[in-house]
Amino acid sequence: RGLGDVYKRQYMKHIHINDNDLKHDLHLALGTGKIVWSQFFDYYDTYFGSCSVLIETTQPEAQRISLEYLTQLGECLPEAGSEQAEKGMNDLYGE
């Protein structure tokens, strides 16, 4: 642990995530590139647990695929049908 770890916890409030080929920022749906998401979530839990997260993709369909992938992993999603989940889906699809 170093000064960078303290900085990450103190100043990071929001992050954007997407998948890629480990070379280019492709904005792919989660689970469709080469990122090892289990490693990301370990890191997230350690350093960014209080940050909000935006799934940053170029296509709305990729956001749906990403949410399905996260659901399969069982990672940090509001309970289906909850007010928070409904608001997120409404915001995502402009309803």
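Note: the structure precedes this text.
Source: prediction; values computed, not measured.

Student: Requested: an account of the overall build of the protein, with residues and values cited.
Tutor: Along the backbone of the protein there are 4 helices and 2 strands. Going from N to C terminus, the protein has its helices and strands arranged as α-β-α-β-α-α. Split into buried and exposed, the 95 residues of the protein put 24% on the buried side. Total accessible area on the protein is roughly 6,700 Å²; 53% of this is exposed by carbon and sulfur atoms.

Student: Which residues make up helix 3 (residues 60-73), and what values go with them?
Tutor: In a regular helix each residue adds 1.5 Å, so 14 residues correspond to 20 Å; helix 3 covers 20 Å between its end C-alpha atoms and thus fits that length. Of the positions making up helix 3, those classed as buried are Ala 62, Gln 63, Ser 66 and Leu 70. Looking straight down helix 3, one finds that the buried residues subtend no more than 105° of arc, so they occupy a single side. Those residues of helix 3 that are exposed and aimed more than 90 degrees away from the buried face are Thr 71 and Gln 72. Where helix 3 ends, the next residue or the one after it, Gly 74, has phi of about 75°, a positive value.

Student: Got a sec to walk through the pairing of strand 2 (residues 52-55)? Specific residues and values, please.
Tutor: Taken together, the 4 bridges between strand 1 (residues 14-17) and strand 2 define a ladder with parallel strand orientation. From the neighbouring strand, Ile 15 faces strand 2, where its bridge partner is Val 53. For the crossover that starts at strand 1, traverses helix 2 (residues 37-48) and ends in the parallel strand 2, the hand is right-handed.

Student: Lay out the side chain of Thr 57 in plain terms, naming residues and giving numbers.
Tutor: With respect to the helices and strands, Thr 57 occurs in the loop between strand 2 and helix 3. Its relative accessible area of 14% is what places Thr 57 among the buried residues. At 3.1 Å, the side chain of Thr 57 and the backbone oxygen of Gln 59 are in polar contact. The residues contacting Thr 57, other than those within four sequence positions of it, are His 27, Leu 28, Ala 29, Ala 62, Gln 63 and Ser 66.

Student: So what's going on with the packing of aromatic side chains? Which residues, and what values?
Tutor: The tally for this structure, following the rule as stated, stands at 4 aromatic pairs. Ring geometry for Trp 37 versus Phe 40: centroids 5.2 Å apart, planes at 75°, classification edge-to-face. Highlighted residues: Trp 37 and Phe 40, both in helix 2, separated by 3 residues, approximately one helical turn. For the pair Trp 37 and Phe 40, a shared accessibility class is recorded, and that class is buried. Three or more aromatic residues link up through ring pairs in this structure, and these residues are Trp 37, Phe 40, Phe 41 and Tyr 44.

Student: Before we move on, could you go through the nonpolar core and cite the residues and values that matter?
Tutor: Formed by Ile 15, Ile 17, Leu 30, Trp 37, Phe 40, Phe 41, Tyr 44, Tyr 47, Phe 48, Cys 51, Ile 55 and Leu 70, the largest nonpolar core amounts to 12 residues. Elements supplying a minimum of two residues to this core: strand 1 and helix 2. Among residues more than four places away in sequence, those in contact with Ile 15 are Phe 40, Tyr 44, Phe 48, Ser 52, Val 53 and Leu 54.

The rules behind these values
Residues numbered from 1 in each chain as written. Predicted model: local features only at pLDDT ≥ 70, side-chain atom pairs only at ≥ 80, totals over all residues. Heavy atoms only, no water. Helix = DSSP H or I, 4+ residues; strand = E, 2+ residues; numbered from the N terminus. Buried < 20%, exposed > 50% of the residue type's maximum accessible area, 1.4 Å probe, protein only. Areas by Shrake-Rupley, 256 points an atom, 1.4 Å probe, with all protein chains shown as cover. Expected span 1.5 Å × (residues − 1). Arc of directions from axis to C-beta. Pairing = 2+ DSSP bridges. Right-handed = clockwise from strand over helix to strand, strands pointing away. Polar contact = N/O pair within 3.5 Å; in protein donor to acceptor, adjacent residues only side chain to side chain. Contact = heavy atoms within 4.5 Å. Phe/Tyr/Trp six-rings, centres within 6.5 Å; stacked < 30°, edge-to-face > 60°. Core = buried A, V, L, I, M, F, W, Y, C linked by side-chain atoms within 4.5 Å.

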